[in-house]
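Survey of secondary and tertiary structure
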2 protein chains.
Amino acid sequence: MTKEQPPPRPSEQPKLRDVAKAAGVHAATASRALNPDTRGLVNAETARRVLKVAKALGYRPNPIARSLKTARTRTVGLVIPDLTNPLFPPIVRGIEEVLEAAGYSAWLTNTDDDPRREQTLIDSLRSRQVEGLIVATARLRHPLLESLHRQGVRMVLINRRTQEPDIPSVTADDAVGTALAVKHLAGLGHRRIAHLAGPRHTSTGVIRASAFRHAIRDHGLADDPELTVECAQWTEEEGARAMSGLLERGVECTAVVAGNDLIALGCYDAFSRHGLSCPDDVSVVGFNDMPFLDKLRPPLTTVALPHHDIGVEAARMLLECIEEPERHPRSVLLPVSLAVRGSTASLRGSTGAGATAGKARRPRR
Amino acid sequence: MTKEQPPPRPSEQPKLRDVAKAAGVHAATASRALNPDTRGLVNAETARRVLKVAKALGYRPNPIARSLKTARTRTVGLVIPDLTNPLFPPIVRGIEEVLEAAGYSAWLTNTDDDPRREQTLIDSLRSRQVEGLIVATARLRHPLLESLHRQGVRMVLINRRTQEPDIPSVTADDAVGTALAVKHLAGLGHRRIAHLAGPRHTSTGVIRASAFRHAIRDHGLADDPELTVECAQWTEEEGARAMSGLLERGVECTAVVAGNDLIALGCYDAFSRHGLSCPDDVSVVGFNDMPFLDKLRPPLTTVALPHHDIGVEAARMLLECIEEPERHPRSVLLPVSLAVRGSTASLRGSTGAGATAGKARRPRR
DNA sequence: CGCCCTACCGCAATCGATTGCAATACCAGA
DNA sequence: TCTGGTATTGCAATCGATTGCGGTAGGGCG
């Protein structure tokens, strides 16, 4: 009966033809007048008139129509593991800041570190005709990304990289950050420092782990393979699991360099389960400097990354790849610093007395 | 010279015509075969053939072209104050989960609580032809949103509302949450409880404040106007400012209900500046249950919101508004609960002895 | 005065899909 | 055998903008 279905919006928005008509010119002329790049092709007076009419009518070009014709969407895809990881929001904001200024916008997707989801999401992004990708889910071996790269999909990796060095990336200086952490702990007198490494299949995991070994040796500290444990994921749970394992195996250590802040938080959990106190019994250094770390119990000492800048830099780089494809891709390493807080303390007492399960020195109240 | 500029992608993607040709039918038939709703119009055998060819060629319909013709983008806009506020990521994920399942996707924008930016961003979203808006930046008086609503722009408000009750919204049950907080503190023996209210121009601010007064009276507690202070913004800084003001004016209180978690964090700052200890000297309850609150010093007792569900519910509601515009808009109030942690303690000692500046009972070490 | 060139503008095709309408074929019933 | 219907499919217009190409007018120059 009354099954009339008017096209969702009767298009109250004025279109180019309306502007053209009102200005007494052809749509083509109006189009050229509106576009700064082609404005030179039309009489200055005419252009002025078109502009005025357009503003008066409140004309807004329809990006859909434009995209269809120009095959450009001014749109990029953002692929991150999980937005609720506090590391990402500041990065995302940095990215959007740059994109917005350049007239681009971004689709945001969360893979939850599931390769199948990643595949699906990237497919979907591509079918939405994104012009580029910013990807934070790289694994060292990453056939999907490598194949996309070979297909000429513009992308820049953030945070993590693949083995393939040709793919542009923006990462923090993991090696320097790790060295900073070790140096700090060594300076506090720690000799047996453990490392709860991130997963071996991520660049950050292996780079930080190898930087850790180097730093340990440089400072002449205990270079015991038992002191390094790999976490299967960058999560609090894995951190707790790894730390507990260390404690339960009776591995002695007075400090730990966590692969990232979440893993460090896991250490906190493990400590409280084992009746240890941080930093009195064990010092901990995190990595990333997520928000609110200064309010933790205790405030976490960590390697601070320029989150916002990572986003800014990545977005700039991607725009460059898009707008001047000839340029050689490059990768940048952003500087880090150490945020010293309350989770690290100088080693008191004599020596070697480290934390081991069962002989906690400060039982929990 | 070599200034050849091939259209960005020579469109290696097969298009509908390619599929049609390969299947030996007209594009129109292929289109109908591919669309489940119109598949009935074509011979079953033909449809099968088209589907097979499409899959073989890896055909993906071009959503741009489709949108141009159908005037539907299957896209919505998300307007939030600031993604780095940990309250939002879980909500956003809830939203995207529902949208994704329904074949929609979302543009995310941050207003930084700046009305001009908000205006610009919403304009931009509209020109990108979003089919609806999810807005988390509502103020009680909000001409922009009200006008959009009158213009028939589908939207649902989250977290906060406007005065205009017709606009659908999804919010937590602020009144109950506040009552829970007060009841908890009263149960611990507190008599003089302060409230650091959120801004008066937000619904959450006024609802929580008024619920606070009600609860205070219901429990027969000190109903002193001095005990309520308004924060100009929902930020840590404002919380610190408000709490410090209270302390410096010598207003006695042994507990405070903060307008939200960030304001509660500000209290922590103020306490440490004034040499007070939480919860020994003053108890604090937050609101929102942001992530990681359990790791704070002390772990913050707070009113827990169903973040994810807020997103889910809002997205569902928006889709409903879009797909069946006839339905009457509704608003939902989601249940909250109290997460009791370490920032609240029972009132020890005798009576009335509250926290005031200058006579801190536990000077900071 | 005629020709060429430039500046400006309009025509019409195009991007890739959707969809109203028309055409065809085939079948049943009269 | 003719008519009406139904099931399929094709034709062509359309969404709103962009752009190659052609046309016109007017100025400069010979």
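Criteria and cut-off values
- Counting restarts for each chain: residues are numbered from 1 in the order of the written sequence.
- To label them, take the chains in the order written and letter them from A, then take the ligands in the order written and number them from 1.
- Reporting of local features is limited, given that this is a predicted model, to residues whose pLDDT is at least 70; pairs of side-chain atoms are given and counted only at 80 or more, and all residues count toward the totals for whole chains, interfaces and linings.
- Calculation of side-chain values draws on the structure's entire complement of heavy atoms; hydrogens and water are dropped beforehand.
- Here a residue counts as near a molecule or strand whenever at least one of its heavy atoms sits within 4 Å of it.
- A 3.5 Å cut-off defines polar contacts: any pair of N or O atoms within that distance qualifies, except that in protein one atom must be a possible hydrogen donor and the other a possible acceptor, and neighbouring residues in sequence count only when both atoms are side-chain atoms.
- A run of H or I in DSSP becomes a helix once it reaches four residues, and a run of E becomes a strand once it reaches two; helices and strands are each numbered from the N terminus.
- UniProt positions are given in the numbering used here, feature names are shortened, and annotations may be inferred rather than shown by experiment.
- Orientation is described by lines fitted to C-alpha atoms, with helices fitted over the stretch in contact, and by angles between N-to-C directions that extend from 0 to 180 degrees.
- In these notes the angle categories are as follows: under 35 degrees is roughly parallel, over 145 is roughly antiparallel, 65 to 115 is roughly perpendicular, and the rest is oblique.
- Crossing handedness: left-handed means the near helix sits turned counterclockwise from the far one by under a right angle, and right-handed means the same turn made clockwise.
- We call two residues in contact when some of their heavy atoms are within 4.5 Å.
- Using a 1.4 Å probe, buried area is obtained as the accessible area two parts lose upon being combined, added over both of them.
- A carboxyl oxygen of Asp or Glu within 4 Å of a side-chain nitrogen of Lys or Arg is what we treat as a salt bridge.
- Strands pair, by our definition, only if DSSP identifies at least two bridges between them.
- Amino acids are sorted into nonpolar (Ala, Val, Leu, Ile, Met, Phe, Trp, Tyr, Cys and Pro), charged (Asp, Glu, Lys and Arg) and polar (every other residue, Gly among them).

Neighbouring residues of DNA strand D: 24 residues in total, closest A:Lys15, A:Leu16, A:Arg66, B:Thr29 and B:Thr46. Backbone atoms, meaning sugar and phosphate, make up 63% of the atoms of DNA strand D lying within 4 Å of the protein. Here a phosphate oxygen of DNA strand D sits 2.4 Å away from a polar atom, N or O, in the main chain of A:Leu16. For DNA strand D, a phosphate oxygen lies 2.8 Å from a polar atom in the side chain of A:Ser31. Listing elements by their share of the surface near DNA strand D, those giving two or more residues are helix 2 (27-34) and helix 4 (63-70) of chain A together with helix 2 (27-34) and helix 4 (63-70) of chain B.

Taken from the UniProt record, the annotation "domain: HTH lacI-type" (unreviewed entry) applies to residues 14-70 of chain A. A distance of 21 Å separates the end C-alpha atoms of residues 14-70 of chain A, which is 67% helix and 0% strand.

All names here are of chain B. Their axes nearest at 8 Å, the elements helix 8 (residues 174-187) and helix 9 (residues 203-218) cross at an angle of 40 degrees. Classified by the angle between their axes, helix 8 and helix 9 sit oblique to one another. Considering the relative orientation of helix 8 and helix 9, their crossing is right-handed. Side by side, helix 8 and helix 9 meet where Asp174, Ala175, Thr178, Ala179 and Val182 of the first sit next to Thr204, Ile207, Arg208, Ala211, Phe212, Ala215 and Ile216 of the second.

Moving on, we get to the interface of chain A and chain B. Between chain A and chain B, the contact holds 54 residues from the first and 55 residues from the second. Of the roughly 4400 Å² buried between chain A and chain B, counting both surfaces, carbon and sulfur atoms make up 60%. For chain A, the biggest contributors to the area lost against chain B are A:Arg93, A:Phe292 and A:Lys295; these three give 17% of the whole. At the boundary of chain A and chain B, one finds 11 salt bridges. As a salt-bridge pair, B:Lys295 and A:Asp269 come within 3.9 Å of each other at their nearest N and O atoms.

Okay, the sheet that holds strand 10 (residues 301-304) of chain B next. Residue and element names in this part refer to chain B. With mixed pairing, the six strands of this open sheet are ordered in space as 7-6-8-9-10-12. In the strand order of this sheet, the two ends are held by strand 7 (228-230) and strand 12 (337-339), each with one partner. Taken over all neighbouring pairs, the strand axes of this sheet differ in orientation by 20 degrees on average, direction set aside. Two strands pair when backbone bridges link them, and strand 6 (residues 193-197) and strand 8 (residues 255-258) are joined in this way by four bridges, in the parallel orientation. Within strand 8, the position partnered with Ile193 by the bridge is Ala255. Packed onto the sheet, helix 8 meets strand 6, strand 8, strand 9 (283-288), strand 10 and strand 12 and runs at close to 165 degrees relative to strand 9. Its contacts with the sheet put helix 11 (residues 261-273) on strand 6, strand 8, strand 9 and strand 10, and the angle it makes with strand 9 is roughly 155 degrees.

All names here are of chain A. As summarised here, the arrangement of the six strands in space is 7-6-8-9-10-12, forming an open sheet in which the pairing is mixed. Pairing within the sheet leaves two strands with one partner each, and these edge strands are strand 7 (228-230) and strand 12 (337-339). Taking the axes of each pair of neighbouring strands and ignoring which way they run, one obtains an average angle of 20 degrees across the sheet. Of the strand pairs in this sheet, strand 6 (residues 193-197) and strand 7 are connected by three bridges, and their pairing is parallel. Opposite Leu196, over in strand 7, you have Val229 as the bridge partner. Of the strands in this sheet, strand 6, strand 8 (255-258), strand 9 (283-288) and strand 10 (301-304) touch helix 11 (residues 261-273), which is tilted by about 155 degrees from strand 9.

Another point: the protein's contact with DNA strand C. Taken together, 24 residues lie near DNA strand C, and A:Thr29, A:Thr46, B:Lys15, B:Leu16 and B:Arg66 sit nearest. Each atom of DNA strand C within 4 Å of the protein was classed as base or backbone; sugar and phosphate made up 67%. One of the side-chain nitrogen or oxygen atoms of A:Thr29 is found 2.4 Å away from a phosphate oxygen of DNA strand C. Counting residues per element, the ones that place at least two in the surface near DNA strand C are helix 2 and helix 4 of chain A together with helix 2 and helix 4 of chain B. Of the residues forming the surface near DNA strand C, the biggest block, four residues, is contributed by helix 4 of chain B. Each residue belonging to the surface near DNA strand C can be placed in one class, and the counts come to 10 nonpolar, eight polar and six charged.

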